[in-house]
Amino acid sequence: MLKVSLILLVLSAAAVLADFDPFLDIPFKPVKDIERIESHGYPSESHYVETEDGYVLNMFRIPHSPKLKNEKKERPVVFIMHGLFSCSDCFLLNGPDNALAYNYVDAGYDVWLGNARGNLYSRKNTKMSINHPYFWRFSWHEIGHYDLPAMIDYVLATTGQEKLHYVGHSQGCTTFFVMGSTRPEYNKKIKTAHMLAPPIFMGNVTEGIILATAPYVGSPGLGAELLQNQVFLPLNQYIQRLLDTACSNQPIMLSYCKTLALMWGGDLGNLNATLLPQVAETHPAGISTNQGIHFIQSYVSNDFRRYDWGPKNNLAFYGTEVPPSYDITKIDANLYLYSGEADGSANVMDIARLPGLLPNMKELYTIPDPTFGHLDFIFANSVKEIINDKVIGISKDYDAKNKF
């Protein structure tokens, strides 16, 4: 707990001191996904889509695999969405042999990687400047209600297909549940939906950062009011200097690197530590403070509901003093849930509440490894065999049965 608090204090000070250009004219040049993809010999594309409320989102596409010859021009589509503090890079960093995006494209899929508003790839708005006081006034509700539908519609329109497969990690699951419950018509556009470590109900969370901050920002009050509606952890030269040091493969610093770059405490567990210097190039990717506060509110309320602005503002926004809960019984897509016994953020007991509420849940799969944690779903040494092969296998079975 002390380690987490000290790291947060250092990072907050660095963010204040940094000479940060909000339009991403930052004093270092992270490797962009399109460069990362092409460096491995795969074709790549960069696409932009505007949401209903003006945010411009950058998506990356791997349309086909150089390993597959005589491949059909029309391929099934998969859309993959990152978690909190992250971006599309996380599904590429394990490299062509083990990263989910490459595994999917090598299996014959047209792969699209999403980026939520506010991260380093999606930091523009056509209706207001990033300096506008309301630019950062969003949580993961808006990402689920606006961003996911905009990206999914664009992908389907571009590919000419009616449905796609969806894979989300962490917040990428939370936002899918928001979309499926507030815009249930999108369930019909999903072939299969794979929720890797879904933080929906969070009453049994053990993650140190959440537990440490819950008394201060988990309920409406001065703490939340001081912190909400602003960027949290933008990439800048001071944070990068910390990360360069912490991720330099010195054993004593690697666990600090994990917490600095990915904002999760604890030991390295099953993580592929050799990836951490690359992770640090683009992580933490930046979020609105409201996203973090909203998750902490979920822990305090032990409910899956809208952002809590306090009784007076809730009345104005929702018509009730208490934020309305999401009706997840409206989510009737083919849903697959994946949990890890050592996951402090998406606890197995919280995930166990979901099956009885989901009308079309196909499987709840708990990883048969008691040490499997939250970040292992994308960065574990054995992630291909444990996660990727299973997810892709289910997708392929669906397409085979439905004669894609």
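Residues numbered from 1 in each chain as written. Predicted model: local features only at pLDDT ≥ 70, side-chain atom pairs only at ≥ 80, totals over all residues. Heavy atoms only, no water.

Student: How would you summarise the pairing of strand β7 (residues 190-196) if you had to cite specific residues and measurements?
Tutor: In terms of burial, β7 is a largely internal element, seven of the seven residues being buried. Tracing the backbone out of strand β6 (residues 164-169), into helix α5 (residues 171-182) and back to the parallel element β7 gives a crossover that is right-handed. Note: β7 against strand β10 (residues 335-339), four bridges, orientation parallel. Looking across to β10, one finds that histidine 194 is bridged to tyrosine 336. (Buried < 20%, exposed > 50% of the residue type's maximum accessible area, 1.4 Å probe, protein only. Helix = DSSP H or I, 4+ residues; strand = E, 2+ residues; numbered from the N terminus. Right-handed = clockwise from strand over helix to strand, strands pointing away. Pairing = 2+ DSSP bridges.)

Student: Help me get a handle on the packing of helix α6 (residues 208-217) against helix α11 (residues 289-301), residues and values and all.
Tutor: The packing of two helices is summarised by the inter-axis angle and the distance between the axes. Between α6 and α11, the shortest axis-to-axis distance is 9 Å and the interhelical angle comes to 90°. One element, α6, and the other, α11, form an angle in the roughly perpendicular class. Across the interface between the two elements, Ile210, Leu211, Thr213, Ala214 and Val217 of α6 pack against Ile293, Ile296, Gln297, Tyr299 and Val300 of α11. For the contact of α6 with α11, the residue count by class is eight nonpolar, two polar and no charged. (Axes fitted to C-alpha atoms, helices over the stretch in contact; angles between N-to-C directions. Parallel < 35°, antiparallel > 145°, perpendicular 65-115°, else oblique. Contact = heavy atoms within 4.5 Å. Nonpolar A, V, L, I, M, F, W, Y, C, P; charged D, E, K, R; others polar.)

Student: Please provide a residue-by-residue account of the pairing of strand β3 (residues 77-81), values included.
Tutor: For β3, the tally of buried residues reaches five of five residues, placing the bulk of the element in the interior. Where burial is concerned, the two faces of β3 agree: the one with Val77, Phe79 and Met81 and the one with Val78 and Ile80 are both buried. You can see the chain leave β3, run along helix α3 (residues 100-106) and come back into strand β4 (residues 110-113), and the turn it takes is right-handed. Bridge analysis of β3 against β6 gives four bridges, and the strand direction is parallel. Counted as the bridge partner of methionine 81 is glycine 168 from β6.

Student: Explain the nonpolar core to me, and be specific about the residues and the numbers.
Tutor: Ranked by internal contacts, the top residues of the largest apolar core, which has 97 residues, are Phe79, Tyr104, Val111, Phe176 and Phe177. In this structure, Cys87, Leu120, Tyr121 and Ala285 belong to the second largest nonpolar core, which totals five residues. (Core = buried A, V, L, I, M, F, W, Y, C linked by side-chain atoms within 4.5 Å.)

Student: So what's going on with helix α15 (residues 383-401)? Which residues, and what values?
Tutor: End to end, α15 covers 26 Å across 19 residues, agreeing with the expected 27 Å (1.5 Å per residue, within 8%). Considering bend angle alone, the principal kink of α15 is centred on aspartate 389 and spans about 30°. Residues of α15 that are buried: Val383, Ile387, Asn388, Val391, Ile392, Ile394, Ser395, Tyr398 and Asp399. Elements that come into contact with the buried residues of α15 comprise α3, β6, β7, β10, β11 (361-366) and α14 (376-379). Looking one or two residues past α15, lysine 403 carries a phi angle of roughly 50°, positive in sign. (Expected span 1.5 Å × (residues − 1). Bend = angle between axes of the 7 residues up to and from the residue.)

Student: Account for unusual backbone geometry, naming residues and giving values.
Tutor: It is generally the case that most residues other than glycine have a negative phi and that most peptide bonds are trans. One non-glycine residue with positive phi stands out, namely phenylalanine 85, at about 65°. Looking at the element boundaries, phenylalanine 85 is found in the loop between β3 and α3. Taking the relative accessible area as the measure of exposure, phenylalanine 85 reaches 10% and is therefore buried. Of note in the backbone geometry, serine 170 takes a positive phi value of approximately 55° without being a glycine.

Student: Can you explain the confidence of the model for the chain? Please cite residues and give values.
Tutor: Summary statistics for the chain give a mean pLDDT of 87 and a share of 83% for residues scoring 70 or more. Long-range and interchain partners of residues 1-29, a stretch whose pLDDT sits below 50, account for 53 contacts in this model, where long-range means more than four residues apart. (pLDDT = per-residue confidence, 0-100.)

Student: Any chance you could break down the packing of helix α4 (residues 140-159) against α5 for me, citing the residues and the numbers?
Tutor: Remark: α4 packs on α5, axes separated minimally by 8 Å, with the N-to-C direction vectors making an angle of 80°. Comparing the axis directions of α4 and α5 gives the class roughly perpendicular. Across from Trp140, His141, Ile143, Gly144, His145, Leu148, Pro149 and Ile152 in α4, the residues of α5 making contact are Gln171, Thr174, Thr175, Phe176, Val178, Met179 and Thr182.

Student: An account of the side chain of serine 88 is needed here, citing residue identities and associated values.
Tutor: By secondary structure assignment, the location of serine 88 is in the loop between β3 and α3. For serine 88, a relative accessible area of 1% gives the class buried.

Student: Describe the packing of aromatic side chains, listing the residues and the values that go with them.
Tutor: If you walk through the whole model with that rule in mind, you get 21 aromatic pairs. Seen from their ring centres, phenylalanine 60 and tyrosine 121 are 5.0 Å apart, and the 75° between their planes marks the pair as edge-to-face. Taken together, the residues phenylalanine 60 in strand β2 (residues 55-62) and tyrosine 121 in the loop between β4 and β5 (124-125) connect sequence positions 61 residues apart. For tyrosine 121, a relative accessible area of 9% corresponds to the buried category. With 6.1 Å between their ring centres and 75° between their planes, tryptophan 112 and tyrosine 154 make a pair best called edge-to-face. Here tyrosine 154 lies in helix α4 and tryptophan 112 lies in strand β4, a separation of 42 residues in the sequence. Overall, tryptophan 112 belongs to the buried group, its relative accessible area being 0%. Judged by relative accessible area, which is 25%, tyrosine 154 ranks as partly exposed. The rings of Trp140, Phe177, Phe295, Phe304 and Tyr326 are connected pair by pair, giving a single aromatic cluster. Stacked on the ring of phenylalanine 138, the Lys or Arg arginine 117 has its end atom at 5.6 Å from the ring centre. Over the ring of tyrosine 365 we find lysine 390; its NZ or CZ atom is 4.5 Å from the centre of that ring. (Phe/Tyr/Trp six-rings, centres within 6.5 Å; stacked < 30°, edge-to-face > 60°. Lys NZ or Arg CZ within 6 Å of the ring centre and 35° of its normal.)

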